[in-house]
Structures are given as C-alpha cells and as structure tokens.
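Reading the structure
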Amino acid sequence: MRITVACPDALRVDANNLAMVLAFGPPDELTYGALNWTDANGNLYAAASFEAGPEFLGAAQSALARPAWDVEPYTISMAAAGRAQAALVLWNGEDDMPQAMPAALTAIAGMGGLAALAAMGLMRVAP
Amino acid sequence: MFSDPARAGFVYDPYAAGVLFQDTAGATPANVFGQPVGRINDLSGRNAHALQATAAARPAYARMPVGGRRNRLPNSGSVGAVVGVIGSGGAAPAGWSVPVQLTREVVAIGETGGIPWFDSRLTGTLTGGYFLNFSEPTATPAADGKTWNASIYVQAIGSVVGADALTVVPNSRLAGGAVKHTYPSTTVGFPGAFTRFVTPATTLLDADGAAGNVAFMLAYLRLNCTGTMDVTLRIGGRQVEQASAATVFQTVNGNADISEVGQASRFYLLDDLVDDTLAVTLPAGTYTIATGDDAGVTILTGQALSAGAYTIPGPRRLFAGVATDRALNGTETAALTAWINARRP
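All values derive from a computational prediction rather than experimental measurement.

**Quick notes on the overall build of chain B**
When helices and strands are counted, chain B shows one helix and 24 strands. Taken along the three principal axes of its C-alpha coordinates, chain B extends 80 × 45 × 35 Å. Within chain B, the fraction of its 345 residues that count as buried is 46%. Relative to all contacts within chain B whose residues are 6 or more apart in sequence, the contacts with residues 24 or more apart total 71%.

**What to know about the interface of chain A and chain B**
Interfaces are often described in size by the accessible area the parts lose on coming together. Each side of the interface is counted separately: chain A has 16 residues, and chain B has 11 residues. Elements supplying a minimum of two residues to the side of chain A that touches chain B: strand 3 (44-51) and helix 4 (113-119) of chain A. The dominant element in the side of chain A that touches chain B, judged by the number of residues it contributes, is strand 3 of chain A, at five residues. By residue class, the composition of the side of chain A that touches chain B is 10 nonpolar, four polar and two charged.

**Examining the sheet that holds strand 5 (residues 60-65) of chain B**
All names here are of chain B. On the basis of which strands lie adjacent, the open sheet formed by three strands has the order 5-18-23 and antiparallel pairing. Since the sheet does not close on itself, it has two edges, and those belong to strand 5 and strand 23 (317-318), each with one partner. For strand 5 and strand 18 (residues 265-270), the ladder comprises six bridges, and the chain directions are antiparallel. Considered in strand 18, the bridge of Met-64 is made with Arg-266.

**So, the domain arrangement of chain B**
Assigned domains of chain B: these are domain 1 (9-67 + 265-341) and domain 2 (84-254). On a C-alpha basis, the centres of domain 1 of chain B and domain 2 of chain B stand 39 Å from each other.

**As for the nonpolar core**
Residues and elements named next belong to chain B. By size, the foremost hydrophobic cluster in this structure holds 45 residues, and its most contacted members are Ile-152, Val-168, Ala-219, Leu-221 and Leu-223. For this core, the secondary structure elements donating two or more residues are strand 8 (115-133), strand 9 (147-156), strand 10 (161-173) and strand 15 (216-241). Counting residues per element, this core draws most heavily on strand 15, which supplies 13 residues. In contact with Ile-152, not counting residues within four places along its chain, are Val-168, Phe-197, Leu-221, Ile-235, Gly-237 and Arg-238.

**Notes on the packing of helix 1 (residues 12-22) of chain A against helix 3 (residues 78-86) of chain A**
Residue and element names in this part refer to chain A. Where helix 1 meets helix 3, the axes come as close as 7 Å, and the angle between the chain directions of the two elements is 100°. With respect to helix 3, the element helix 1 is oriented roughly perpendicular. The segment helix 1 lies against helix 3, with Val-13, Asp-14, Ala-15, Asn-17, Leu-18 and Val-21 engaging Ala-80, Ala-81, Arg-83, Ala-84 and Gln-85. Along the lines of polarity and charge, the residues of the contact of helix 1 with helix 3 split into seven nonpolar, two polar and two charged.

**Details of the pairing of strand 24 (residues 320-324) of chain B**
Residues and elements named next belong to chain B. Along strand 24, five of the five residues are buried, which leaves the element largely enclosed by surrounding structure. Of the two faces of strand 24, the one lined by Ala-320, Val-322 and Thr-324 and the one lined by Gly-321 and Ala-323 are each fully buried. Sheet topology note: the strand 20 (residues 285-292)/strand 24 ladder contains five bridges and is antiparallel. Note that in strand 24 the partner of Thr-288 across the bridge is Thr-324.

**Here we look at the pairing of strand 20 of chain B**
Residues and elements named next belong to chain B. The element strand 20 is largely enclosed, with a buried count of six among its eight residues. Relative to strand 21 (residues 297-305), strand 20 is paired through seven bridges, and the arrangement is antiparallel. Within strand 21, the position partnered with Gly-285 by the bridge is Leu-305. Hairpin geometry of strand 20 and strand 21 is characterised by an intervening segment of four residues between the two adjacent antiparallel strands and by a positive phi of about 145° at Gly-296.

**Digging into the sheet that holds strand 4 (residues 88-90) of chain A**
Residues and elements named next belong to chain A. Read from one edge to the other, the open sheet built from six strands follows the order 4-5-1-3-2-6, with strand pairing classed as mixed. Of all strands in the sheet, those with a lone pairing partner are strand 4 and strand 6 (123-124), marking the two edges. As paired elements, strand 1 (residues 2-8) and strand 5 (residues 105-109) share four bridges and run antiparallel to each other. Across the sheet, residue Ile-3 finds its bridge partner in strand 5, namely Ala-109.

**Some words on the environment of Val198(B)**
All names here are of chain B. Relative to the elements of secondary structure, Val-198 occurs in strand 13 (residues 195-198). Taking the C-alpha atoms as reference points, Val-198 and Thr-187, separated by 11 residues in sequence, lie 9.3 Å from one another. Setting aside anything within four residues of it in sequence, one finds Val-198 in contact with Asn-149, Ser-151, Thr-186 and Ala-246.

**Details of unusual backbone geometry**
Here the amide bond leading from Glu72(A) into Pro73(A) is cis, since omega sits at -5°, within 30 degrees of zero. With respect to the element layout, Pro73(A) can be found in the loop between helix 2 (54-60) and helix 3. Its identity as a non-glycine residue notwithstanding, Asn47(B) has a phi of 60°, on the positive side. Of note, Asn47(B) is situated in the loop between strand 3 (39-40) and strand 4 (50-51). You will see that Leu273(B), though not glycine, has its phi angle at about 65°, which is positive.

**Description of helix 1 of chain A**
Residues and elements named next belong to chain A. Of all 11 residues in helix 1, nine are buried; the element is thus mostly enclosed. Among the residues making up helix 1, those that are buried are Asp-14, Ala-15, Asn-16, Asn-17, Leu-18, Ala-19, Met-20, Val-21 and Leu-22. Tucked inside the fold, the buried residues of helix 1 contact strand 1, helix 2, helix 3 and strand 5.

Conventions adopted
Residues numbered from 1 in each chain as written. Chains lettered and ligands numbered in written order. Predicted model: local features only at pLDDT ≥ 70, side-chain atom pairs only at ≥ 80, totals over all residues. Helix = DSSP H or I, 4+ residues; strand = E, 2+ residues; numbered from the N terminus. Buried ≥ 20, exposed ≤ 12 C-beta atoms within 10 Å, placed from the backbone. Contact = placed C-beta atoms within 7 Å. Nonpolar A, V, L, I, M, F, W, Y, C, P; charged D, E, K, R; others polar. Pairing = 2+ DSSP bridges. Domains from an automatic or database assignment. Core = buried A, V, L, I, M, F, W, Y, C linked by C-beta atoms within 7 Å. Axes fitted to C-alpha atoms, helices over the stretch in contact; angles between N-to-C directions. Parallel < 35°, antiparallel > 145°, perpendicular 65-115°, else oblique.

Written as structure tokens, this is what we have:
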C-alpha cells in the first residue's frame, strides 16, 4: 500500500526521527527534505511517498521502540519521534480526507503520491 | 562504446539481469515488481552505481508491455483474492467491489489462457439489481468527451437460481464517486463458457446525467435478482480502456506490474514524482546524458557537471540512462538512440 505523508517545516526534525524508527536506519533521517509543497496559505511542507506493508500503519500508531541498530550514543531522539507520532493524522479511508496543516504530520494511505498530496490541498512549489 | 573505463559516466539498464537491489549495499535483489530500488548497478564497467539510502525515496522496479498500457484499472488480476467467504477469511481481488446485501464467497481462483479469474458465489435473498463493480468508483479518472469501452470475461458455473439477467454497464461518476450518468449496456446472460463481453463504445459527456463534470469512468456487472438466489460466476479479464474498441486483455497488478500475454515486457524504474531519486557520484566534466522515458529518447549534450553527487533524471518511467563525459558523433548518437528505444515500450 502506498503511503504519502506531508510534513510541515516545523516538524521535519521530529518526523525524520520517526522515519528512522519506522524504516531501516540512519539514512532515513533524510526522509523529509526539501520543502517542495505548499498549502493555500503559503505554509511549506516536505513530502514522502513510499510503499509499505500493512504492518507499517500498525507500527506507526503503536508504542515506539528504539530499533536494534540504534546503540549508544543514540542517533534517534525517541522524544522527537514521539512528538512526530503524536502529530500524525492518518486518513482512515472513511472520513473526509485530512488537509495538510502546519501542526500535523498528515498521511494518506492507498492513493498515488501526487493524488494524495493534491487531496491534502498541497501544490508543488514552483522551482 | 559507452563502456570505456577510461571515461567517466554510467550505463543503467533495468532490463539487465542482476543490476537492481533494494538496498544500497547490493545485498538484497529487487526482482519482484513493485519492490523499492535502492541501487542500480552501472554496466559501463566504471562502478558508477546509482544509490538511494533513504527508504521512502526509492523508486520501484516495474514492467509494462510493448505498446504501453491500455487497461486503466488499477488492478485487473486476481491479486488479493482469497478463497472463502468475504468477511470471514475470504477476500475479493484488489479493487473488485461488491455490496454486502448477499453472502459473497470466493470459491476458486485460477487462470485460463492468460486470463486470471475467480469464481464468486452469491447467495441470499434479494429482488432487483445487484452491482459488481470492476473497481472502486474513483479508480479510473476520466474527462468530458472521451470515448471508453469496458470488457470482462464471464461464465456461469452450475445452475443459476434466483437471477434472470446479467449485463455489463458503463457509467460516469462525479468527483466524489457518485453516479453521474449510466450508458447503454451489453447483455451477458449466463454463458456456459468463459466468454468476453464488451460494452458499446461510450463517450462520457459533462452534459449527460447529473449536474457536474465527468470525473471517473466505472463499469460494473448488474445482476437482476428475483428472490432467493444462488449464483456462481467465473469472472476475469476486467479491462477498462479509453478507446472505441476492446483490445487484448492486460493484467494490471498495481502500477508497477502490467503485462500482456504474447507481448514482450519492458522494464523500468517507476518514480512516484514526489520524492524518489537515485544519485551517482561523478567526476567533474562535460557530459552527454541520454535517457529513455514514455515520451522518447532524450539526449542532452554539453552538460557541465561539478564533481560529486549527480541525481539521475527521474521521469515517471525511466527505461534506460547513459552518460559519458564526451560528445558523441552521429553514428554513436544513432546507436545510443536505438539501444535506448529497444528498451522502451
């Protein structure tokens, strides 16, 4: 299932810590990079779109555990990852699709990446 | 020609065996369509492998048949189907949409002549129409004035109890998925052999039906129920195409896996156009960079690159990429164009 996430500028560091918890390793700290997307109010977002198994959604909404690869001195800030998880708004496929917001990590599952970002009310920033 | 180790550059060919990996180390092959590609090995002999360490930013390994994709359904095969009662362990194929008024059971899954099918048994009590959608209502975007057809293979398995008509129906949908207009149907009946049925060529118009613009094309089977019923239908080969006439069935198992019996496949990196990239480290130089995508072969000459990471071009579908730090002559350009074209659909 494809999952597309819009991450506001203020949550990028936290969201990248969450990405390291949920994905594979330190390179996932770069999951949310350039602020290439904007909402109607001019707020900027980084976006990530990826295929994930059904277990991903469960893990994203369950208690977070530090990955085995992350040993002292730790790479991941679990506090930051927890803040990102608390800000996660995941579309459940039934209610109205959530619009991207500056205080939320907005995620839509089951749509193509570009369609999901458009459904969140985001447009690509002109280069 | 492009394998001179004395020159900088790369040759990327997703068609080649053993060049795609899910990870950057090259330990886990990407050999199933839809798997992420974290590394494509360079075939030029220069070890200029392109990498993506961040999991979410990896493109996918994908294929489509020569001639391109015609079946616009997101899933037309049996992927996702599980034998059993739907809701009690069984499951319909991905995208196949049936309402809950009847008990729905998948009783068998198979393939005939390259056409994947599943046997769907419907039991219960119902009077009137029962609708079996080819896909979710918002799965196939459409627009005003375009002509479509839909096709499906159907066979009645055993006797038909409690149903007196079966048709295949095209209609248009509004942006939210609600019905906009229903167009003339094709009678299916209850054939004893696995038979293909095609809707009439159907031009979807904003002017037809409910107010609002055409946003999606949906086709469905309409089963007319007459009371207590027990019907088993073998259903397969769902196809929706933007064309007047039906063409050979294409199996679509998601965007990354499209195939057609009797037709060669082409292999590519599928970019989500959101964040996917692959990068290679190159020395500074003036490069010729060639890529093959849906539109054709693009050869950029005189590309001055600084030393360091170079992001390989990421069109929606990248069938091949070649770079060399020199200009090409006419013969070389023609040979490179032909080589890339042979990898395009």
